Every structure is written in C-alpha cells, then in structure tokens.
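# Examination of the molecular architecture
Residue-level listing of the chains:
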Amino acid sequence: MSNTPEPTLRQLELFIAAATEGSFAAAAEAMFVTPNAVASAVTELETSFNAQLVIRRRAKGLTTTAAGQDLVTRATALLDQAEELTLHIGNTSDIPRGSVSVGCYSTLAATIIPELWAQVAQQLPEVQLDIQEGPIEMLAQQVLDGHLDMMISYRVGLPMGLVSDELFQTVPQVALPEHHAMATQPQVSLEELESEPLILLDLPPAGDNTLRLLHERGLRPYVIHRSTSYETVRSMVARGFGYSLFFQQTRSKVSYEGLPLMHRPIDPPLQAEPVVLSWQIDAQPTRRANAVGEIIMSMTQ
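Everything in this summary refers to the structure shown in the same document. No experiment lies behind these values; they were computed from the predicted model shown. (Residues numbered from 1 in each chain as written. Predicted model: local features only at pLDDT ≥ 70, side-chain atom pairs only at ≥ 80, totals over all residues. Heavy atoms only, no water.)

## Digging into the packing of helix 1 (residues 9-21) against helix 3 (residues 35-49)
The geometry of helix 1 relative to helix 3 is characterised by a closest axis approach of 9 Å and an angle of 110° between their N-to-C directions. Considering the angle they form, helix 1 stands roughly perpendicular to helix 3. Contact residues: Q11, L12, L14, F15 and A18 in helix 1; A37, V38, A41, V42, E44 and L45 in helix 3. (Axes fitted to C-alpha atoms, helices over the stretch in contact; angles between N-to-C directions. Helix = DSSP H or I, 4+ residues; strand = E, 2+ residues; numbered from the N terminus. Parallel < 35°, antiparallel > 145°, perpendicular 65-115°, else oblique. Contact = heavy atoms within 4.5 Å.)

Okay, structure coming up:
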C-alpha cells in the first residue's frame, strides 16, 4: 500500500481557488486562509498526484499546467457532487434547497429575471439563484460544460447537445424616433425603410439573425452602427439616427435619456422567434433545478 496521502476536498477547493485567482495571496483572501495554507495544499496535491500542477513565478503569480487544468475540471465536478450529497443526505423536509445557476440572454434578462427571482423567493425559500447574463454562445457553452443548470434564450443559435422547451414567441417590431414620418402609421413596411440607416442590435446571435431575416425578404439594409447594448440602440433610435428591429419589447416608451420611441408592427410580419428554456441533453437535473424550471415554465403560460 502506498504511503502517499490521499487528496482531501479542502485541498481541492484551495487548489481551484489558486488556479482561478492566479496567485496564492489572492486565493487566500478569497478562501479566508493564509497564503501558506494555499501553497501547502497545492504542494501536497502535487505530491499525491506525482505531477506539477502549477508554474510558480515570482511577482507574476502562477499559471496551471496541463495536468493542473485537467485537475481543475475534474475537481470542480467532484466538489459539485460532494455539495449535492451534502444537500440530500439528512434532508427529510423534502424541500428543495441549494444553489441553482440560470443563464439568460442579455436582452431578455430585464423582463424575465426580476419576476423569476421574486417567484423563487416566494415558492422556494431554501433555493439560491445564481444568474449569469450574456450572449447565447457563451451561455450555451457554460450549460454544456456543466457550469449552468439551464438557460433562457432565443432558440436561434443554440448548439447541439441541448434540449429545449418553448416558453413563448416574440414577433419583431420596428423602433422609430417619435418624429419619423412612419411613426404614426399602424404598420410599417420594411421595403420603405430599406434605404434608411439601421441601428443594429448585434449581441450574438441577434445581429446575424436580423440581417438573415431581412436578406430573406430580399432587402439590403443600410447599417450605420452596431451595438451589443439594447439600451444604446434604443437611445440612438430615439435621437433620430436611424431605425432598429427588436424581438424583445419593453414597457418603457422612452430611452435612458428620456426621449420617446415608437414601436410599430411590420407588414407583412417577419418570422416569429421562440424563446426557450434549455438544458444539457444528457444531464440529470437536480431536484431544485427541476423546481426552478417549473417556475420558469409557469411564468410564461
């Protein structure tokens, strides 16, 4: 039998902190221990695995080796399993509890996340939400990597490996400045807007999807500015620099600057885009994740 000490969960926690923070000092501060405690944990793990896990550089912190990065991935999964075990053993109350991580496409977050937070607080008081906002590609990769339990987004742009349930559908509308000639029309023709400047919301995959829909209509839009910020696009439109197309509508009729915008239906309408709840196809959701998912589904019915 080998005399090499077995690695502990605490050593793995400290090692992951060191790899994430990039130095023993920063990891120590994050984990409320001394730098020597972090350094010792890493050294003991290197002895246990007989492998160099980090490269130490004076005044430059540390970087993980290939073996170290592999351990980060495997240890993270192991610690997640250990947390899950702790939550379930002895939980006789049959009440879901623990952390649930939910990703949400940035432009949808403002109209979905506050209500979700309120519903979870009311119905699942022992569950803590961890919300991540961003573009679909980034969120989807985090779901596939096991860092997010689920994500809310448009269906367009989702990669293989995810399964989805439709929440609702959105129909694109035109956003115009208040004094635009078409602002008072009940419906707007995209053909009439083709030569006018387009302020494009370009948070992936929104920009490409908008241009695809316009090209399928036989239109070649005149794009003068792209922005990943929903509010920047709204402000640019309100200032009169051009028009835009939005799938997600807000109840606010003014920009951040207090300038009015007009939203008008498109005639003939563009294709509706489903908003979906997605999770990893092969993953077994936790009970608390299922409970949060049921709340999300009920919110949109």
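Read on for the rest.
## So, the sheet that holds strand 5 (residues 150-154)
The five strands lie next to each other as 4-3-5-12-6, forming an open sheet whose pairing is mixed. Every other strand in the sheet has two partners, leaving strand 4 (127-134) and strand 6 (162-170) as the edge strands with one partner each. Strand-to-strand twist across the sheet, computed as the mean angle between neighbouring axes with direction ignored, equals 20°. Bridge analysis of strand 3 (residues 98-105) against strand 5 gives three bridges, and the strand direction is parallel. Looking at the pairing, C104 lines up with I152 of strand 5. Docked against the sheet, helix 6 (residues 136-144) engages strand 3, strand 4, strand 5, strand 6 and strand 12 (273-280), running at close to 140° with respect to strand 4. Set on the sheet, helix 10 (residues 287-299) makes contact with strand 3, strand 4, strand 5, strand 6 and strand 12; between it and strand 3 the angle comes to about 40°. (Pairing = 2+ DSSP bridges.)

## Some words on helix 1
Under the 1.5 Å per step criterion, the end-to-end length of helix 1 is 18 Å for 13 residues, consistent within 8% with the ideal 18 Å. Of the residues making up helix 1, those classed as buried are Q11, L12, L14, F15, I16, A17 and A18. Where helix 1 ends, the next residue or the one after it, G22, has phi of about 85°, a positive value. (Expected span 1.5 Å × (residues − 1). Buried < 20%, exposed > 50% of the residue type's maximum accessible area, 1.4 Å probe, protein only.)

## Topic: empty space enclosed by the protein
To locate leftover empty space, one rolls a probe as large as a water molecule over the atoms. Taken as a whole and judged by the stated rule, the model has three cavities of 30 Å³ or more. Here the largest cavity defines a volume of roughly 130 Å³. In this structure, the largest cavity is lined by 15 residues; those nearest its centre are Y105, Y154, L201, A206 and F247. Every element with two or more residues in the lining of the largest cavity is listed here: helix 8 (206-216) and strand 10 (244-246). The greatest single-element share of the lining of the largest cavity, amounting to three residues, is contributed by helix 8. Taken together, the residues of the lining of the largest cavity sort by class into 10 nonpolar, four polar and one charged. (1 Å grid on protein atoms, 1.4 Å probe; cavity = no way out; pocket = protein on both sides within 12 Å on 5 of 7 lines; lining within 4 Å. Points joined across faces, edges and corners; volume = space filled by probe spheres on them. Nonpolar A, V, L, I, M, F, W, Y, C, P; charged D, E, K, R; others polar.)

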